[in-house]
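Coordinate analysis (summary)
Chain by chain, the residues:
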Amino acid sequence: MHEMGIVLHLAKTLTQTAKEQNIVKISHVTLEVGEVSGILTDYFSDCWDYFKGRSELLKDSVLEVVTTPAVTWCDSCKKTYPTVKYGRICPYCGSGETWLLYGNQCVIRDITAEEE
Amino acid sequence: MKVIELNESVTESNDRDAQELSSQLRGRGILLVNLMSSPGSGKTTLLKRIAADFAGSPKMAVLEADIASDVDAVRMEEAGVTSVQAHTDGMCHMDAGMTRRGLEAMDLEGVDIVFLENVGNLICPAEFATGAQKNMMILSVPEGDDKPLKYPLMFSESDALVITKTDALPYFDFDIRTCEERAKKLNPGLRIFPVSAKAGDGMKELEEWLKAAVTEIKREK
């Protein structure tokens, strides 16, 4: 259900962009999804395939999901480390004073529009 | 064929809607509080208590959001609070557009504070802006003090954390201090209010905070 909600927002954002730029058909969408965004990409693609059929603008589009790594910053030893492997505790110094630098984003990188 | 680089967040259009709704409400001097929690945390009971304590000043209204049914709205109406039920049609959260439509169906004449009772869920509602100026989350004692570890985003996105059902503390292994430490680690500015809506403990502090937020909105109007 979570993925479906995001698909609806994605479709809305794309529809708005298409309107602003006079695009009638989108053939390709590149979505950048962080490793810890909480989005299950398989699920997401299924939801997208279901939903796109309802839209003239999107029905022939291909969705490409690019997963990017999550990186955490340790404020105690000033180092970065891979979030998924080590979680909240810094593998270098054992500190819990850490925060996510990136990896929870869900960004539309680009779209390919068919021209008239 | 042309490629257009967007580099835009998926929720961008919702974020814009939310900002617009927030400033429109501000212009009318109305505070919108987005109330988030898991099902059964005591949201409706808490709101009924606040309504009774406020006794019309500030005047409050409640926008109930559920996947189906109107049991919560009926309970609020019985308590004498203007209430509208919004259905999310299966969606696990409210977004700005749904919130706007819900508010349009309400009589907001003279209303100072609107509570949006979001869908009971600790994950999705945290990811979608609603237009609320304050995010308030509820965690009830029976749910356990480990929730900040499990659902960090909800805790980082909130302005206030209300720990409800403190009258049940003797029966559960819930340590308020541990919970506070875990939550503050995620969000150092978080205000924490342990309350019992049933017994009334801690309600005054929470209500003062809400009243101050209403006053701030009116001042900025």
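Residues numbered from 1 in each chain as written. Chains lettered and ligands numbered in written order. Predicted model: local features only at pLDDT ≥ 70, side-chain atom pairs only at ≥ 80, totals over all residues. Heavy atoms only, no water.

1. Comments concerning the overall build of chain B
Cut-off, in case you're wondering: The numbering of helices and of strands both runs from the N terminus, where a helix is a DSSP run of H or I of at least 4 residues and a strand a run of E of at least 2. Note that the radius of gyration is over C-alpha atoms, with the globule rule given as 2.2 Å times the number of residues to the power 0.38. Under the scheme applied here, a residue whose accessible area is under 20% of the maximum for its type counts as buried, over 50% as exposed, and between as partly exposed, the area being computed with a 1.4 Å probe on protein chains only. Here, two residues are considered to be in contact whenever any of their heavy atoms come within 4.5 Å of each other. In this description, accessible areas are obtained by the Shrake-Rupley approach with a 1.4 Å probe, and a residue is regarded as covered only by the protein chains that are shown. The charge count includes Lys and Arg as positive and Asp and Glu as negative, but it does not include His or the ends of the chains. One atom stands in for each charge, and that atom is NZ of Lys, CZ of Arg, CG of Asp or CD of Glu.
Along the backbone of chain B there are eight helices and eight strands. Relative to its length of 221 residues, chain B is compact, with a C-alpha radius of gyration of 17 Å against a globular reference of 17 Å. The burial tally for chain B puts 54% of its 221 residues in the buried class. Taking as baseline every contact in chain B between residues at least 6 positions apart, the subset at least 24 positions apart corresponds to 74%. Summed over all atoms, the accessible surface of chain B reaches about 9700 Å², with 47% contributed by carbon and sulfur. Charge-centre separation for chain B: the mean point of 26 positive side chains lies 4 Å from the mean point of 37 negative side chains.

2. A few points about the confidence of the model for chain A
To be explicit about the condition: Scored from 0 to 100, pLDDT records how confident the predictor is in each individual residue.
Averaged over chain A, the pLDDT score is 91; the fraction of residues at 70 or greater is 97%. Across chain A, the secondary-structure element scoring lowest on mean pLDDT is helix H1 (residues 2-20) of chain A, at 88, and the one scoring highest is strand S4 (residues 79-82) of chain A, at 96.

3. A short note on the side chain of Asp112(B)
Residue and element names in this part refer to chain B. Which entries qualify depends on this criterion: Contacts described as polar in this section are N or O atom pairs within 3.5 Å, which, within protein, must combine one atom able to donate a hydrogen with one able to accept it, while residues neighboring in sequence count only if both atoms come from side chains.
Examined against the element boundaries, Asp-112 turns out to sit in the loop between helix H4 (96-104) and strand S5 (113-117). Asp-112 gets classed as buried once you look at its relative accessible area, which sits at 16%. Within the structure, Asp-112 has its side chain in polar contact with the backbone nitrogen of Lys-59 (distance 2.7 Å). Here Asp-112 is in contact with Gly-29, Ile-30, Leu-31, Pro-58, Lys-59, Val-214 and Lys-218, once residues within four sequence places are set aside.

4. Considerations on the sheet that holds strand S1 (residues 25-34) of chain A
Note the threshold: When DSSP locates at least two bridges between a pair of strands, those strands are taken to pair. Inter-axis angles, ranging from 0 to 180 degrees, are taken between N-to-C directions of lines fitted to C-alpha atoms, where helices are fitted over the stretch in contact.
The strand order across the open sheet formed by four strands is S2(A)-S1(A)-S6(A)-S1(B), and the pairing between neighbours is mixed. Of all strands in the sheet, those bounded by a partner on one side alone are strand S2 (62-68) of chain A together with strand S1 (2-9) of chain B. On average, each strand axis in the sheet is inclined to that of its neighbour by 20 degrees, with strand direction left out of account. Sheet topology places strand S6 (residues 106-114) of chain A next to S1(B); six bridges connect them, and they run antiparallel.

5. Things to note about the pattern of salt bridges
Residues and elements named next belong to chain B. Heads up, the rule is: Whenever a carboxyl oxygen of Asp or Glu lies within 4 Å of a side-chain nitrogen of Lys or Arg, that contact is scored as a salt bridge.
What the rule picks out here adds up to 14 salt bridges over all chains. Asp-146 is the salt-bridge partner of Lys-147, the closest N and O atoms lying 3.0 Å from each other. Judged by its relative accessible area of 12%, Lys-147 falls in the buried class. On the basis of relative accessible area, Asp-146 is assigned to the partly exposed category, the value being 26%. Residues joined by salt bridges that share partners form a network here, namely Asp-146, Lys-147 and Lys-150.

6. As for the pairing of strand S8 (residues 191-194) of chain B
Pairing of strand S7 (residues 160-164) of chain B with S8(B) involves four bridges; the strand directions are parallel. Note that in S8(B) the partner of Val162(B) across the bridge is Phe193(B).

7. Overview of the packing of helix H1 (residues 12-27) of chain B against H4(B)
Residues and elements named next belong to chain B. Stated precisely, the cut-off is as follows: Asp, Glu, Lys and Arg are counted as charged, while Ala, Val, Leu, Ile, Met, Phe, Trp, Tyr, Cys and Pro are counted as nonpolar; the rest, among them Gly, fall into the polar class.
Relative to each other, H1 and H4 sit at 35 degrees, their axes nearing to 8 Å. Facing H1, whose interface residues are Asn-14, Asp-17, Ala-18, Glu-20, Leu-21, Gln-24 and Leu-25, H4 presents Ala-96, Gly-97, Thr-99, Arg-100 and Leu-103. Looking at the contact of H1 with H4 residue by residue, the classes come out as five nonpolar, four polar and three charged.

8. Section: the sheet that holds S5(B)
Residues and elements named next belong to chain B. Reading across from one edge, S4-S3-S5-S2-S6-S7-S8 is the order of the seven strands in this open sheet, with parallel pairing throughout. What marks the edges here is a single partner per strand, and that holds for strand S4 (82-87) and S8. For this sheet the average axis-to-axis angle between neighbouring strands, irrespective of direction, equals 20 degrees. Contacts from helix H7 (residues 176-186) reach strand S6 (134-140), S7 and S8, with the element oriented near 160 degrees to S8.

9. Here we look at the side chain of Thr68(A)
Within the secondary structure, Thr68(A) is located in strand S2. The residues contacting Thr68(A), other than those within four sequence positions of it, are Glu32(A), Val33(A), Gly34(A), Glu35(A), Gln105(A) and Arg109(A).

10. Thoughts on the environment of Gly34(A)
Residues and elements named next belong to chain A. Structurally, the position occupied by Gly-34 is in strand S1. Taking relative accessible area as the criterion, Gly-34 reaches 3% and is therefore assigned buried. Residues in contact with Gly-34, not counting those within four places in the same chain, are Thr-68, Gly-103, Asn-104 and Gln-105.

11. Looking at helix H2 (residues 43-54) of chain B
Every α-helical turn comprises 3.6 residues, leaving residues that sit three or four positions apart pointing alike. All names here are of chain B. For the record, the criterion: Multiplying one less than the number of residues by 1.5 Å gives the expected span of a helix. Directions from the helix axis toward the C-beta atoms define the arc.
Its twelve residues give H2 an end-to-end C-alpha distance of 16 Å, which sits within 8% of 16 Å, the value for a rise of 1.5 Å per residue. Of all the residues in H2, the buried ones are Lys-43, Thr-44, Leu-46, Leu-47, Ile-50, Ala-51 and Phe-54. Down the axis of H2, the smallest arc covering the buried residues is 155 degrees, so these residues share one side. Downstream of H2 by a residue or two, Ala-55 has a phi angle that is positive, lying close to 45 degrees.

12. Here we look at the interface of chain A and chain B
Of the residues lining the interface, 29 residues belong to chain A; the matching set on chain B comes to 27 residues. At the junction of chain A with chain B, the criterion picks out one salt bridge. The shortest N-O distance in the salt bridge between Lys12(A) and Asp17(B) comes to 3.1 Å. At the level of secondary structure, the elements contributing two or more residues to the side of chain A that touches chain B comprise H1, S1 and S6 of chain A. The leading source of residues in the side of chain A that touches chain B is H1(A), at eleven residues.

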